[in-house]
Amino acid sequence: SLEVYEGEWKDDKKNGKGKMIYPDKASSAGPDTFVGVFANDDRVDGMGEMTFSNKDRYVGQWVANQMSGTGKYISQNGDVYEGDFKFNKRCGKGITTFNNTNTKFIGEYHHQQPFFKGKMVFGGADSEQFLEYEGEFIVFSLKPSEEPSPHGFGTLKYAGKEKGGDVYTGYFRAEQKTGGGSVWKRSDGLGTYMYAKGEESEYVGEWINDIRNGKGT
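Residues numbered from 1 in each chain as written. Predicted model: local features only at pLDDT ≥ 70, side-chain atom pairs only at ≥ 80, totals over all residues. Heavy atoms only, no water.

Visitor: I tried to follow the overall build of the chain on my own but got confused; where do I start?
Guide: In terms of helices and strands, the chain carries one helix and 17 strands. At 23 Å, the chain has a C-alpha radius of gyration far larger than the 17 Å of a compact globule built from 217 residues. With respect to the three principal axes, the spread of C-alpha positions in the chain is 80 × 30 × 30 Å. In the chain, buried positions account for 37% of the 217 residues. (Helix = DSSP H or I, 4+ residues; strand = E, 2+ residues; numbered from the N terminus. Rg over C-alpha atoms; globule rule 2.2 N^0.38 Å. Buried < 20%, exposed > 50% of the residue type's maximum accessible area, 1.4 Å probe, protein only.)

Right under this line is the structure:
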């Protein structure tokens with residue numbers, strides 16, 4: 001079926017602000033709908049908004065009818081990505097806020113996925129234990145809704161009454177759970193723990209199963 005245009009015209013051509021509905025891309029949820037600026041019957045590079053048939057929504061820059069530049073992508077599950085796009089993919093600097101946990105990932109993206117290093121600001125139940133982590137990550141799923149997990153070298157800042165203000169710098173390890181998701185913890189080996197409270201100020205040495213074990217000072 002034909003596309004449906006609602007908006008401004010000039011010399012019998014789409015020209016100015018308008019809305020384009022794409023029935024050919026319609027699913028059971030409805031068609032894709034673009035709102036932006038048109039010239040000579042075509043969409044103009046620049047700002048525009050697309051509501052997709054799956055109820056995802058993008059507001060931002062377009063180049064050659066593709067999401068390119070900076071923009072905001074709101075997924076139907078409530079996750080929000082704000083940052084750089086290239087050829088319809090998250091690519092460059094960006095921030096994702098995950099709706100289920102209110103956790104934020106801040107870092108570089110490459111082909112939709114967080115790219116190796118970044119910063120995680122914890123939300124939800126995790127925020128009662130952890131404040132933020134900055135360092136290396138791993139992602140076990142290609143889905144943008146999958147939260148990256150600390151994996152490799154990084155720094156973890158703690159929250160809560162007991163450990164609030166403590167900082168650990170060392171290696172972390174993540175493992176994929178059966179059925180999806182992941183769990184992560186500090187790796188065995190060398191690490192530095194700085195205490196915010198108590199008589200001790202710092203421990204530098206070996207750790208096994210999340211406790212000081214081996215050589216250290």
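Visitor: Whenever I open this one, the side chain of Thr96 confuses me. Can you help?
Guide: For Thr96, the position within the fold is in strand E9 (residues 89-98). Using a relative accessible area of 2% as the deciding quantity, one classes Thr96 as buried. Separated by 2.7 Å, the side chains of Thr96 and Tyr109 make a polar contact. Not counting chain neighbours up to four residues away, the residues in contact with Thr96 comprise Val80, Tyr81, Arg90, Thr103, Lys104, Phe105 and Tyr109. (Polar contact = N/O pair within 3.5 Å; in protein donor to acceptor, adjacent residues only side chain to side chain. Contact = heavy atoms within 4.5 Å.)

Visitor: Sorry if this is basic, but what is going on with the packing of aromatic side chains here?
Guide: Aromatic rings considered in pairs are described by the distance between their centres and by the relative angle of their planes. Taken as a whole and assessed by the stated rule, the structure comprises 26 aromatic pairs. With 6.0 Å between their ring centres and 25° between their planes, Phe122 and Trp184 make a pair best called stacked. One end of the pair, Phe122, is in the loop between strand E11 (113-121) and strand E12 (130-138); the other, Trp184, is in strand E15 (residues 182-194), with 62 residues separating them in the sequence. Overall, Phe122 belongs to the buried group, its relative accessible area being 10%. Trp184 gets classed as partly exposed once you look at its relative accessible area, which sits at 24%. Consider the rings of Tyr133 and Phe172, whose centres lie 5.1 Å apart with planes at 80°: the pair is edge-to-face. Of this pair, Tyr133 sits in strand E12 while Phe172 is found in strand E14 (residues 167-176), placing the two residues 39 residues apart along the sequence. Of the residues examined, Tyr133 reaches a relative accessible area of 0% and is grouped as buried. (Phe/Tyr/Trp six-rings, centres within 6.5 Å; stacked < 30°, edge-to-face > 60°.)

Visitor: Explain unusual backbone geometry to me, please; I cannot follow it from the model alone.
Guide: Most peptide bonds take the trans form, and the phi angle of most residues other than glycine is negative. Phi at Asp11 is positive, roughly 55°, even though this residue is not glycine. Its relative accessible area of 69% is what places Asp11 among the exposed residues. Of note, Asn209 is a non-glycine position whose phi angle comes to about 55°, a positive value. Mapped onto the fold, Asn209 is located in the loop between strand E16 (202-208) and strand E17 (211-216).

Visitor: Is there a simple way to think about the pattern of salt bridges in this case?
Guide: Between side chains of opposite charge, a pair can form when the charged atoms approach closely. The full count for this structure, using the stated rule, is eight salt bridges. As a salt-bridge pair, Glu175 and Arg173 come within 3.6 Å of each other at their nearest N and O atoms. Judged by relative accessible area, Glu175 falls into the partly exposed class, the value being 42%. Owing to a relative accessible area of 47%, Arg173 belongs among the partly exposed residues under this scheme. Note that Arg212 and Glu200 form a salt bridge whose closest N and O atoms lie 2.8 Å from each other. In this pair, Arg212 sits in strand E17 while Glu200 sits in the loop between E15 and E16, placing the two residues 12 residues apart along the sequence. On the basis of relative accessibility, which here comes to 39%, the residue Arg212 falls in the partly exposed class. (Salt bridge = Lys/Arg side-chain N within 4 Å of Asp/Glu carboxyl O.)

Visitor: Explanation requested: the nonpolar core in the structure shown.
Guide: A general tendency of soluble globular proteins is for nonpolar side chains to be buried together. If you look at the biggest cluster of nonpolar residues, it comprises 28 residues, and the most contacted ones within it are Tyr58, Met67, Tyr133 and Leu156. If one sorts the elements of this core by residue count, E12 sits on top with three residues. In this structure Leu156 touches Phe122, Phe130, Glu132, Tyr133, Asp166, Val167, Tyr168, Phe172 and Trp184, once residues within four positions along its chain are discounted. (Core = buried A, V, L, I, M, F, W, Y, C linked by side-chain atoms within 4.5 Å.)

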